[in-house]
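Descriptive structure summary
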Amino acid sequence: MRSLTREVETPVVTTAGAPWPVTMRFGPGGQATVAGAGLMDIARRFGTPAYVMDEADVRLRCRAYRAALPRAEVAYAAKAFLCRAIAAWVRSEGMSLDVCSAGELAVARAAGFPVEKIIFHGNAKTPGELRYALDEGVGRLVVDDIAEINRLAALMPAGRRQKVLIRVIPDVEAGAHAAIRTGGEDQKFGLSIASGAAAEAVRRVLGQPRLELVGLHCHLGSQIVSTDPYERAARVMVRLLAAIREEHGVVLPQLDLGGGHGIAYVSGEPALSPSRLALAAATVVERCTAAGLPVPRLTVEPGRAITGPAGVTLYRVIAVKKALRHTYVAVDGGMSDNPRPALYGSRYEIRMIGRATRAGERDYTIVGHHCEAGDTLAEGVRLPADIRPGDVLVVAATGAYNHSMASTYNMTGRPPVVAVSHGRARLVVRREGQEDLMRRDVGL
Ligand code: LLP
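Quantities reported herein were computed from a predicted structural model and do not represent experimental measurements.

Some points on the domain arrangement of the chain
- Per the domain assignment, the segments of the chain are domain 1 (25–53 + 310–439) and domain 2 (69–303).
- Computed over C-alpha atoms only, the centres of domain 1 and domain 2 are separated by 34 Å.
- Carbon and sulfur atoms supply 64% of the area that domain 1 and domain 2 bury against each other, a total of about 1500 Å² over both sides.
- It is Tyr344, Arg347 and Tyr401 in domain 1 that bury the most area against domain 2; as a group they hold 33% of the surface buried on that side.
- Summed over the shared surface of domain 1 and domain 2, the result is one salt bridge.

Here we look at the site of the ligand
- The environment of the ligand is made up of 20 residues, and the closest members are Ser222, Gly260, Glu301, Arg340 and Tyr401.
- Asp98 has a polar side-chain atom sitting 3.2 Å from a nitrogen atom of the ligand.
- Between the ligand and Ser222, the relevant distance is 2.6 Å, taken from an oxygen atom to a side-chain nitrogen or oxygen of the residue.
- If the ligand stood free it would expose 580 Å²; the protein chains cover 91% of that surface.
- When atoms are counted within 2 Å of each cavity's grid points, the one that captures over half of the ligand is the largest pocket.

Considerations on helix H5 (residues 127–136)
- Within the span of H5, buried status applies to Glu129, Leu130, Ala133 and Leu134. Around the axis of H5, the buried residues are gathered within 130° of arc, so they sit on the same side.
- Buried-residue contacts for H5 involve helix H4 (102–110), strand E7 (118–120), strand E8 (140–143), helix H6 (146–155) and strand E9 (162–169).
- Of the residues one or two after H5, Gly137 is the one with positive phi, at around 80°.

Some remarks on the pattern of salt bridges
- Counted under the stated rule, the structure contains 23 salt bridges.
- Taking the shortest distance from any N to any O, the salt bridge between Arg382 and Asp363 comes out at 3.1 Å. Here the residue Arg382 occupies a position in strand E18 (residues 376–384), and Asp363 occupies one in strand E17 (residues 361–367), the gap between them amounting to 19 residues.
- Using a relative accessible area of 45% as the deciding quantity, one classes Arg382 as partly exposed.
- A residue is classified by how much of its surface remains accessible, and Asp363, at 39% relative accessible area, is partly exposed.
- Members of the salt-bridge network, linked through shared partners, are Glu55, Arg59, Arg63, Glu93 and Arg426.

Cut-offs applied
- Residues numbered from 1 in each chain as written.
- Predicted model: local features only at pLDDT ≥ 70, side-chain atom pairs only at ≥ 80, totals over all residues.
- Heavy atoms only, no water.
- Domains from an automatic or database assignment.
- Buried area = accessible area lost by both parts, 1.4 Å probe.
- Salt bridge = Lys/Arg side-chain N within 4 Å of Asp/Glu carboxyl O.
- Near = heavy atom within 4 Å.
- Polar contact = N/O pair within 3.5 Å; in protein donor to acceptor, adjacent residues only side chain to side chain.
- Areas by Shrake-Rupley, 256 points an atom, 1.4 Å probe, with all protein chains shown as cover.
- 1 Å grid on protein atoms, 1.4 Å probe; cavity = no way out; pocket = protein on both sides within 12 Å on 5 of 7 lines; lining within 4 Å.
- Sits in = over half its atoms within 2 Å of the grid points.
- Buried < 20%, exposed > 50% of the residue type's maximum accessible area, 1.4 Å probe, protein only.
- Helix = DSSP H or I, 4+ residues; strand = E, 2+ residues; numbered from the N terminus.
- Arc of directions from axis to C-beta.
- Contact = heavy atoms within 4.5 Å.

The structure is reproduced here in structure tokens:
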């Protein structure tokens, strides 16, 4: 890999601060560059809306994890955003990969991601997905249901053993929004320790000669900014490892604490840095030592903390409309390329770029062009008072759960992804055009 030092002048912001990519620079006259590439040039060349990904930022974030947790396995959670370019970047940074569907596995394989470093998740893997995962030879499969155990064993070709983890519910509630909390009882993910389902799954997997139980998994939720839930989960998980040794005389070599590490979406918001996460790793070591257990290899699965702050979205302003109380700035994208504000009430930081202005600032509501009143990207955004159609807006921290959650609502094609590094911008995912959308409609 080429050196990144030339373009990286500041260290990755991992605790609090601006949510922009590490190579983002705002200059005079509305200039804005990422990795030395002008965002206005990108908007002209690739059109808007467009997602722009800073390769250096992604790589530095991978490195920050690997440095903070040198003995752990760091698996990038592909659901945050996967395309072949991202798969290649994280692979070359020594990361493993967490996939949760056949589609994500297919992208990973198309990028040549080594199967032994792939972890396959899913609370309801279809028979087709299980077969595909086994055919590809994924490194580990995460069992999330008791019935899945027999199904999996039956699909295993004779003479092969599949490594599995069991996903359990540690009963630790954490996460920024109810829709993204997964560590508590009574939701669709994982097997309850309290109900005995987790213990039953352990017994059954150990009883299947074609399955090899290598460890336990849990995932608490997303956008977690404190280490406390991870430390609590670590204690619960080590207790379960000790109970398994007690009951079965088996010492499991792996412990996967999932992802969910929070990032700053707007300036000043806290984030969970990999170095603070190392506290949870220390809890595992301490508790294992106290229980006389060998320390398992830890896995963490960051998604948004790898790609979220590396991405920005460019939009062009289409209309500026004064309503009774609010002034609306409508752009050429919206809830189809970023559904997060509508789904979770997420906040985003937005700036105008591309020209100088002496006008003061005022508050605007930024809305999309979709046929829905809830299609709001951000409220109370300070922008120049003379903002007008044709201006370009840049939105921070859209590198995760934007492209991957994008829809084609109102028959809108999904935006392209432009990767930037060393002053160069290149298309890594092309824009979805009307012909792409129409191709699926086979008619009468
Ligand atoms: N590992 C597992 C098993 C997961 O289910 C997830 C996320 C992750 C890792 C990565 O979580 P992250 O570090 O990216 O928070 N659409 C929502 C997020 C849903 C996350 C689901 N699972 C959002 O836009 O906030």
